[in-house]
Amino acid sequence: EADRITHRYPEGVAVVPTGIDATRFPFTERPEQFRVLFSGHNWFRKGFVYLFMAAKFLEKEHPGSSFEYDFNIGRSEGPPVRLPPLTSSHGFTNYPDGLFSPYPPYVNIYAKTSVAVLPTLEDALPLSIDEAMASGIPVITTPHAGSRIVDGKSGFIVPIRDYEAIAAKLLYFY
C-alpha cells in the first residue's frame, strides 16, 4: 500500500487533520472537585468500559478518594445514547443530549473537568481530545487515538484495554 501511495504521489503525502475552533474552548481554572470526563460517540469502540473498570478499581483500592465522572456519550444521528442502568447506581453523571459537537453544553462540561479520558480502541482523530487540550485539560488516552498528545506533557498515553494504567494516571492527576 505504501508503495502505491509513493508511486502515485512521489512528492510525498501530508496529513492534514480536522480541527476545532479553539476560541470556543476557553481555559478555565480547574474545579475543586476532581472530575473525570469521557466524551465520545461509539462508547464500545471508544473504550468506555475500560474507564468504567478503572473507576471500579479505584473505588475498591482507594475508597477514600473522591472522583466524579461525567460520561458524555452521544451520536451525530439518532436518539440520545443511554448508559447502562448500573452506572447511575455508582454516582456517575450522564449528559445524553444526543449531539457530540464543539458547541455548548459541551463547552460547559469541559469547564468543570479536571482530566479527560478517552481509552479508545480505535479512532482516527478524536475531536474530544483536541477540545480538552484547547480547554487546558490533561488527557489520558491510548496509542490508537491518532491524537497529538505528547506522553507526559499534555497528558498520558496508556496501553489499550489497561484499566489499571488508566487508574494509575487518574491517581497521578488526583
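Up top you'll find the structure we're talking about.
These lines cover the structure that appears in this document, whether it is placed above or below. These figures come from a predicted structure and were not determined experimentally. (Residues numbered from 1 in each chain as written. Predicted model: local features only at pLDDT ≥ 70, side-chain atom pairs only at ≥ 80, totals over all residues. Heavy atoms only, no water.)

## Structural notes on the nonpolar core
In step 1: Ranked by internal contacts, the top residues of the largest apolar core, which has 33 residues, are Val36, Leu51, Phe67, Tyr69, Val117, Ile166 and Leu170.
In step 2: Mapped onto this core, the elements with two or more residues apiece are strand E1 (34-40), helix H2 (48-61), strand E2 (67-73), helix H3 (106-111), strand E4 (115-118), helix H4 (127-134), strand E5 (139-141) and helix H5 (163-173).
In step 3: For this core, the element with the most residues is H2, which contributes 7 residues. (Core = buried A, V, L, I, M, F, W, Y, C linked by side-chain atoms within 4.5 Å. Buried < 20%, exposed > 50% of the residue type's maximum accessible area, 1.4 Å probe, protein only. Helix = DSSP H or I, 4+ residues; strand = E, 2+ residues; numbered from the N terminus.)

## Some points on the pattern of salt bridges
In step 1: Tallying each qualifying case throughout the model produces 3 salt bridges.
In step 2: For Arg45, the salt bridge identified is with Glu122, shortest N-O distance 3.6 Å. Residue Arg45 is located in the loop between E1 and H2, and its partner Glu122 is located in the loop between E4 and H4; the two are separated by 77 residues in the primary sequence.
In step 3: Judged by its relative accessible area of 46%, Glu122 is partly exposed.
In step 4: Between Lys46 and Asp123 there is a salt bridge, with the nearest N and O atoms lying 2.3 Å from each other. One end of the pair, Lys46, is in the loop between E1 and H2; the other, Asp123, is in the loop between E4 and H4, with 77 residues separating them in the sequence.
In step 5: The exposure class of Asp123 is buried, given its relative accessible area of 13%. (Salt bridge = Lys/Arg side-chain N within 4 Å of Asp/Glu carboxyl O.)

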